[in-house]
Amino acid sequence: MRIIATLFICLPTFLFAQSAEEVLKSANGKIDNSKYKEAVAELSAYLNSNANNKEVLNKRGYAKNQLGDFYGAIGDYNFALELDSTYSDALNNRGEAKFNLGDDYGAIEDFDKAIKHDPKSAEAYNNRGFAKYNIEDLQGAYFDFSKAIELDPKDADKYFNRAVIKAELEEYISAIDDYNKAIELDGSSADSYNFRGVAKYGIGQIDEAIKDYDKAISMEAKDPVMYENRALAKTDKEDFEGALADYSKSIELYSEDPDTYNLRGVIYYNLEDYDNAIADYNSAIELDPYNPVYYDNRALSKAAKEDYKGAVKDYSFSIELYPQDPETFHQRGLAKINMGDNYDGCLDLNTAVELGSEEAKDSIKELCK
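Model, not experiment: these values are computed from the prediction.

Peer 1: Which residues make up the overall build of the chain, and what values do they have?
Peer 2: Broken down by element type, the chain carries 22 helices and 0 strands. Dimensions of the chain, computed from C-alpha atoms along their principal axes, come out at roughly 115 × 40 × 35 Å. The proportion of buried residues among the 369 residues of the chain is 46%. Within the chain, residue pairs in contact and separated by at least 24 positions form 43% of the contacts whose partners lie at least 6 positions apart. Put simply, the chain shows about 19,600 Å² of open surface, and 49% of that area lies on carbon and sulfur atoms. Once the 42 positive and 71 negative side-chain charges of the chain are each reduced to a mean point, those two points are 6 Å apart.

Written as C-alpha cells, this is what we have:
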C-alpha cells in the first residue's frame, strides 16, 4: 500500500506537468484578458522548477510590465538575456520597461540591440521612435516611425505616430496625409480626427479643422483638449459665443489648466465682459502665478474698466517676471498717463522704444510732448 501511495502522489505530477508551450499559451490567454497577476503566478509556478526558460521569463516580464512593476520586469528580461544575449523580444521589452521608467537613453540602447538582432522588428523601430521623440530627436523619430510603417504598413497607430512628428516639424500637409491613412485603417480613433484638425488648423483650414473637432468630440465627449482646440478655431472665425461655450465645457471637464481660464478670459474680453474676464484671469493666476501673460491680460481688462491703478500693478508684476517685453512697458506707460502720471508714463514708453516697440514711438509723439 505504501508503494502504491507513493506512485499515486508522483503520478499526477508526471501526467499533469505542463510544458513551456502550454504554460505560455495559458498565460497569453490571461494576458489577453488583462489578468496579469494570474499570468505572473502561473509563469512563476513554472519557473520554480524550470528556471532557465527564456520565453517564460520574457513573458513574465511582460506581465509584470503591464502591472507597472517595471523593475521586476527588467529583472526577468535580464535573466532571459543572460540565457540568450541576442534575444530581440527581451531586448525590445526591456527597452519598453526602461522607457516606462523615464530612462529614454537606456531604452534606446536596448531598442538598438533589438533591431541589430532582428532588423525586421517593426515594434522595436516604433518603440525607439517614441524614445527619440522624448529626447527631442524629431528627425530620428521620423525615420524610426517611417521604418516601422515600411515593415508593418497596416497598423494605423504607426501612421498616427509619424503624423504627430510631421506636425511638430510643421509639415502639416504631409501630416494630414498620414492622419488620413490612419483613419482609413482605423476610423474608430477620436485622436486621429482631433490631431488632423490641429494640422488643418496649422495650414489655415479652419472650417475643415472644426469639422474634425466635431467628429472627434462626437466620438469622445469627455476630452477637454478637444473642446479647447475647437474653441481656438472658433475664435479665429470670431465666433466668440461658440468659443466661450467650448472653453466652458473644457473647464467643466478639467478645471486645473490655467491656460484654459486665460483663453476664456480673452473671449470674455472680446465680448466686453470685463468682470468675467478678470475672474478667469484670477483663476489662471491662482493656478500659475508665474506667467506674465496672465497679468498682462488682466491688466488690459482692468484698464478697460478704467481701473488704471490695478492695471499698473498687474503690468508691474508682469515686468518683474519678464522685463524684456516692450508691449508691457508700453501698456503700463499708457495706464500711468491715464492716471495723470505723465512723467513715469513717458519713462515707460521710452523703455518700450528701447526694447523695440514701434507703437510706443507713436504714443510718445502723441502723449509725451
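The discussion continues.
Peer 1: I'd like to hear about a nonpolar patch on the surface, residue by residue, with values.
Peer 2: On the surface, Tyr 290, Leu 321 and Tyr 322 cluster together into a nonpolar patch covering about 350 Å² of accessible area. Relative to the elements of secondary structure, Leu 321 occurs in helix α19 (residues 308-321).

Peer 1: Explain helix α4 (residues 54-66) to me, and be specific about the residues and the numbers.
Peer 2: Compared with an ideal rise of 1.5 Å per residue, which puts 13 residues at 18 Å, α4 spans 18 Å between its outermost C-alpha atoms and is within 8% of the ideal. Those residues of α4 lying buried are Val 56, Leu 57, Asn 58, Arg 60, Gly 61, Ala 63, Lys 64 and Asn 65. Buried residues belonging to α4 abut α2 (20-32), α3 (36-49), α5 (70-83) and α6 (88-100). Here α4 starts with a cap whose side-chain oxygen sits 3.1 Å from the backbone nitrogen of Glu 55, and that cap is Asn 53.

Peer 1: Tell me about helix α16 (residues 258-270), and please be specific about residues and values.
Peer 2: When the terminal C-alpha atoms of α16 are compared, their 19 Å separation across 13 residues agrees well with the 18 Å that a helix rising 1.5 Å per residue should span. For α16, the set of buried residues is Pro 258, Thr 260, Tyr 261, Asn 262, Leu 263, Arg 264, Gly 265, Ile 267 and Tyr 268. Tucked into the core, α16 has its buried residues touching α14 (224-236), α15 (240-253), α17 (274-287) and α18 (292-304). One or two steps after α16, the chain reaches Glu 272, where phi turns positive at roughly 60°.

Peer 1: Tell me about the packing of helix α10 (residues 156-168) against helix α11 (residues 172-185), and name the residues and values.
Peer 2: Contact geometry of α10 with α11 gives a least axis separation of 8 Å together with a crossing angle of 165°. By the angle class used here, α10 and α11 are roughly antiparallel. When the axes of α10 and α11 are compared, the crossing they make is left-handed. Contacts from Ala 156, Tyr 159, Phe 160, Arg 162, Ala 163, Val 164, Lys 166 and Ala 167 in α10 reach Tyr 172, Ser 174, Ala 175, Asp 178, Tyr 179, Lys 181, Ala 182 and Leu 185 in α11. In terms of residue class, the contact of α10 with α11 is made up of 11 nonpolar, 1 polar and 4 charged.

Peer 1: Go over the pattern of salt bridges, please, and point to the residues and values.
Peer 2: This model, assessed by the stated rule, comprises 31 salt bridges. Among the ionic pairs, Arg 332 bridges to Asp 348, the shortest N-O distance being 2.7 Å. Pair noted here: Arg 332 is in helix α20 (residues 326-338) and Asp 348 is in helix α21 (residues 342-354), with a separation of 16 residues, a long-range link. Here the two residues Arg 332 and Asp 348 agree in accessibility, since each one is buried. One salt-bridge network, held together by shared partners, links Asp 112, Arg 128, Lys 132 and Asp 144.

Peer 1: Break down the side chain of Asp 144 for me, citing the residues and quoting the values.
Peer 2: One can find Asp 144 in helix α9 (residues 138-151). Of the polar contacts made by the side chain of Asp 144, one reaches the side chain of Arg 128; its length is 2.8 Å. Those residues within four positions of Asp 144 in sequence are excluded, and the remaining contacts are Tyr 125, Arg 128, Gly 129 and Lys 132.

Peer 1: Which residues make up the nonpolar core, and what values go with them?
Peer 2: Membership of the largest hydrophobic core comes to 24 residues, with the highest contact counts inside it found for Leu 43 and Val 56. Elements that contribute at least two residues to this core include exactly α2, α3, α4, α5, α6, α7 (104-117) and α8 (122-134). With 6 residues, α3 is the largest single contributor of residues to this core. Once you skip the residues sitting within four places of it in the chain, Val 56 turns out to touch Ala 20, Leu 24, Leu 43, Tyr 46 and Leu 47. In terms of nonpolar packing, the next biggest core, distinct from the first, is built from 12 residues, Phe 160, Val 164, Ile 176 and Ala 199 among them.

Peer 1: Requested: an account of the packing of aromatic side chains, with residues and values cited.
Peer 2: As enumerated under the stated definition, the model contains 7 aromatic pairs in all. Ring plane angle 35° and centroid distance 5.5 Å describe the contact between Tyr 295 and Phe 317, whose orientation is recorded as tilted. Placement of Tyr 295 in helix α18 and of Phe 317 in helix α19 is noted, with a sequence separation of 22 residues between them. Given the relative accessible area of 8%, Tyr 295 is considered buried. Taken together, the ring pairs connect Phe 99, Phe 130 and Phe 145 into an aromatic cluster. Across the ring face of Tyr 87, the terminal group of Lys 54 is positioned such that the distance to the ring centre comes to 4.7 Å. Over the face of the ring belonging to Tyr 62 we find Lys 59, whose NZ or CZ atom lies 5.7 Å from the ring centre.

Peer 1: Residue-level account of the confidence of the model for the chain, with values.
Peer 2: For residues with low pLDDT, the predicted coordinates do not support detailed interpretation. Looking at the chain, pLDDT values average 94 and 95% of them are 70 or higher. Across residues 1-16 the pLDDT falls below 50, and counting only partners more than four positions away or on other chains, this stretch makes 1 contact in the model.

Peer 1: Go over the state of the cysteines, please, and point to the residues and values.
Peer 2: Summed over all chains, the structure comprises 1 disulfide. Each sulfur of the disulfide joining Cys 346 and Cys 368 lies 1.9 Å from the other. Measuring handedness by torsion sign, the sulfur bridge of Cys 346 and Cys 368 sits at about -100° and is left-handed. One end of the pair, Cys 346, is in helix α21; the other, Cys 368, is in the segment after α22 (358-367), with 22 residues separating them in the sequence. Accessibility expressed as a relative area gives 21% for Cys 368, which makes it partly exposed.

Calculation criteria
Residues numbered from 1 in each chain as written. Predicted model: local features only at pLDDT ≥ 70, side-chain atom pairs only at ≥ 80, totals over all residues. Heavy atoms only, no water. Helix = DSSP H or I, 4+ residues; strand = E, 2+ residues; numbered from the N terminus. Buried < 20%, exposed > 50% of the residue type's maximum accessible area, 1.4 Å probe, protein only. Contact = heavy atoms within 4.5 Å. Areas by Shrake-Rupley, 256 points an atom, 1.4 Å probe, with all protein chains shown as cover. Lys, Arg positive; Asp, Glu negative; His and termini not counted. Charge placed at Lys NZ, Arg CZ, Asp CG, Glu CD. Patch = residues over 30% accessible without salt bridge, like charges linked within 9 Å, V, L, I, M, F, W, Y side chains within 5 Å. Salt bridge = Lys/Arg side-chain N within 4 Å of Asp/Glu carboxyl O. Expected span 1.5 Å × (residues − 1). Polar contact = N/O pair within 3.5 Å; in protein donor to acceptor, adjacent residues only side chain to side chain. Axes fitted to C-alpha atoms, helices over the stretch in contact; angles between N-to-C directions. Parallel < 35°, antiparallel > 145°, perpendicular 65-115°, else oblique. Left-handed = near helix turned anticlockwise from the far one by under 90°. Nonpolar A, V, L, I, M, F, W, Y, C, P; charged D, E, K, R; others polar. Core = buried A, V, L, I, M, F, W, Y, C linked by side-chain atoms within 4.5 Å. Phe/Tyr/Trp six-rings, centres within 6.5 Å; stacked < 30°, edge-to-face > 60°. Lys NZ or Arg CZ within 6 Å of the ring centre and 35° of its normal. pLDDT = per-residue confidence, 0-100. Disulfide = S-S within 2.5 Å.

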